[in-house]
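# Structural overview
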Amino acid sequence: MSKLLDIKHISKNYITESESIEAIRDITLEIEKGSITTIVGSSGCGKSSLLSILSGIDHATSGEFKFSKKDPVIGYMLQSDALFPWLTIYENAILGLKIKKKDTFENLEYVKRLLDTYKLSEFNDKYPSDLSGGMKQRVALIRTLALKPDILLLDEPFSALDYQSRLAVSDDVYRIIRKEGITTIMVSHDIAEAISMSDRVVVLSKRPCHVKKIYTILLSNKSTPIENRKAKEFSIYYNKIWKDLDINV
Amino acid sequence: MSEEALKILKKKKKQKRIIFASQIAIVVIFLLAWEVLASKKILNPFIFSSPSRIWNTLWNLFQSGELIKHIGTTLYEVILAFSIGISAGFVIAILLYELPTFAKIIDPFLTMINSLPKVALGPIIIIWTGANTKSIIVMALLINLIVSIMNIYNGFIGVDEVKLKLLRTLGASKSQVLRFLIIPESKRTIISSLKINISMTLIGVIMGEFLVSKSGIGYLIIYGTQVFNLTLVMSGIIILIVLSFLIYEFISLIEKKLSNQR
Ligand SMILES: Nc1ncnc2c1ncn2[C@@H]1O[C@H](COP(=O)(O)OP(=O)(O)OP(=O)(O)O)[C@@H](O)[C@H]1O
Ligand SMILES: [Mg+2]
């Protein structure tokens, strides 16, 4: 496998009127092409900040990151689906294409195919309020995939869902990402979700965050996220990461 | 439908009828009492007038064509001031949104103008613009414009942060953010500001007509006071009540129509 993204010594300080918050302290990380990396860390440690920096909507205070590809397309999916309630499902799905003025016939066909594949095309003319939380999340993913991103940044994409749909949707999303072969960095606060979905789990320390540990997830018979939870190595990883996170209950 | 549901429906219908009948009864009793008290001279009809006198006055005004003329004048001014107020409010709100530093600079001045009782400016406006329709429109704009701007602007800055972030990650330009998010999302705020705006516009227009005194329902009322014809004053007030009620209902209708189409 080849390297897609090289993150070197990234730090981030937020300066507000009253204080300076050190969110990230020297994060260095390499991302392989086609891999799924999940970042876990305690609440408020700086995970979203890192994704914001990688997405380009925010800047690092110091350090740099480099894609091996020129002008990479970055797909960024936020915690809430952020669908536009006044647009139909189809219009929502092609929003990114429209804004980037890439709504060519070919790309629109691609979106239609995605909607079809993920059983959403019968809702094309419906509105987000007609869909369940999980379906909306899938539409948001398709909106992101429509741009054919080189890398997918997912910031707690399932946290707004109830447990049942969370499992189902993460399974769906996993399948989609794998099938399309997209390099993914995901943030999660759910250790089980992280292990079951990823090739690597990066554990961040408390704020200011740095990389505390990186686990390469090797399961004896790797399958879908739901199946992966049954693997015998699963609980070993779980306990280790739980300890690393040092959660005081 | 189940028996139970039918029963509830029936009960609700009955309640609705009772409410409507009571409302009619209140109006009828009020008018009757007024008429009787005035004809028995318990209420001085010279000061308090009476429904029959008002009716006669209204009828005469209608036959002479005066009624239509005055209503037309007021309506014309209201529509003009309302349309200008809403569209200018919209454009200025966009400017403030696009120029946040400018918005911060003029914020205290807007608040100051907003809290000033605009009637106080009436006499100056008349001197500046002359006693004509223009000054009435300016008066109404003074009252409705600031409210429009603030309402619409607050709708703009209250826009969902996450959606804004999403558009930014998609690399949307400022005008795209406006077109794709800000304007559609604040449509609701804009629609709901229509109602406040129309009330403000009516106040402004009537106030302007009081001051300018040429034509319109406000003029009718002021003229009635000047010649001490209280029946005419009351007639004017009644026309105003009916007119503002109809306008308000009309705006509610528009509001419903607009908010139904997402
Ligand atoms: N724009 C900002 N201005 C000032 N401080 C900020 C800003 N964004 C984030 N912070 C601060 O930086 C720290 C890290 O925030 P961040 O959102 O990256 O954490 P997180 O790990 O994603 O948290 P969570 O688990 O709650 O999602 C927090 O203490 C937060 O208050
Ligand atoms: Mg976060």
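Residues numbered from 1 in each chain as written. Chains lettered and ligands numbered in written order. Predicted model: local features only at pLDDT ≥ 70, side-chain atom pairs only at ≥ 80, totals over all residues. Heavy atoms only, no water.

### Considerations on the overall build of chain A
- For chain A, the helix and strand inventory stands at nine helices and nine strands.
- For a compact globule of 249 residues, the expected C-alpha radius of gyration is about 18 Å, and chain A comes in at 18 Å, within 12% of that figure.
- Structurally, chain A occupies a C-alpha span of about 45 × 45 × 40 Å along its principal axes.
- Across the 249 residues that make up chain A, the buried fraction comes to 53%.
- By sequence separation, contacts in chain A at least 24 residues apart represent 71% of the contacts at least 6 residues apart.
- About 11700 Å² of surface is accessible on chain A, with carbon and sulfur atoms providing 50% of the total.
- For chain A, the centre of its 36 positive side-chain charges and the centre of its 33 negative side-chain charges are spaced 3 Å apart. (Helix = DSSP H or I, 4+ residues; strand = E, 2+ residues; numbered from the N terminus. Rg over C-alpha atoms; globule rule 2.2 N^0.38 Å. Buried < 20%, exposed > 50% of the residue type's maximum accessible area, 1.4 Å probe, protein only. Contact = heavy atoms within 4.5 Å. Areas by Shrake-Rupley, 256 points an atom, 1.4 Å probe, with all protein chains shown as cover. Lys, Arg positive; Asp, Glu negative; His and termini not counted. Charge placed at Lys NZ, Arg CZ, Asp CG, Glu CD.)

### A closer look at the layout of surface pockets
Residues and elements named next belong to chain B.
- Computed from the structure, the largest pocket encloses a volume of approximately 200 Å³.
- Every residue along the wall of the largest pocket is listed here: Leu 75, Val 78, Ile 79, Phe 82, Leu 194, Ile 198, Leu 243, Leu 246, Ile 247, Phe 250, Ile 251 and Ile 254.
- The dominant element in the lining of the largest pocket, judged by the number of residues it contributes, is helix 12 (residues 230-260), at six residues.
- Grouping the constituent residues of the lining of the largest pocket by class yields 12 nonpolar, no polar and no charged. (1 Å grid on protein atoms, 1.4 Å probe; cavity = no way out; pocket = protein on both sides within 12 Å on 5 of 7 lines; lining within 4 Å. Points joined across faces, edges and corners; volume = space filled by probe spheres on them. Nonpolar A, V, L, I, M, F, W, Y, C, P; charged D, E, K, R; others polar.)

### Here's the deal with empty space enclosed by the protein
- Scanning all chains against the criterion turns up two cavities of 30 Å³ or more.
- Within this model, the largest cavity holds a volume of roughly 60 Å³.
- Lining the largest cavity, in full, are Ile 74, Gly 75, Tyr 76, Arg 143, Thr 144 and Leu 147 of chain A together with Leu 166, Thr 169 and Leu 170 of chain B.
- Split by residue class, the lining of the largest cavity holds five nonpolar, three polar and one charged.
- Reported here for the second largest cavity is a volume of approximately 30 Å³.

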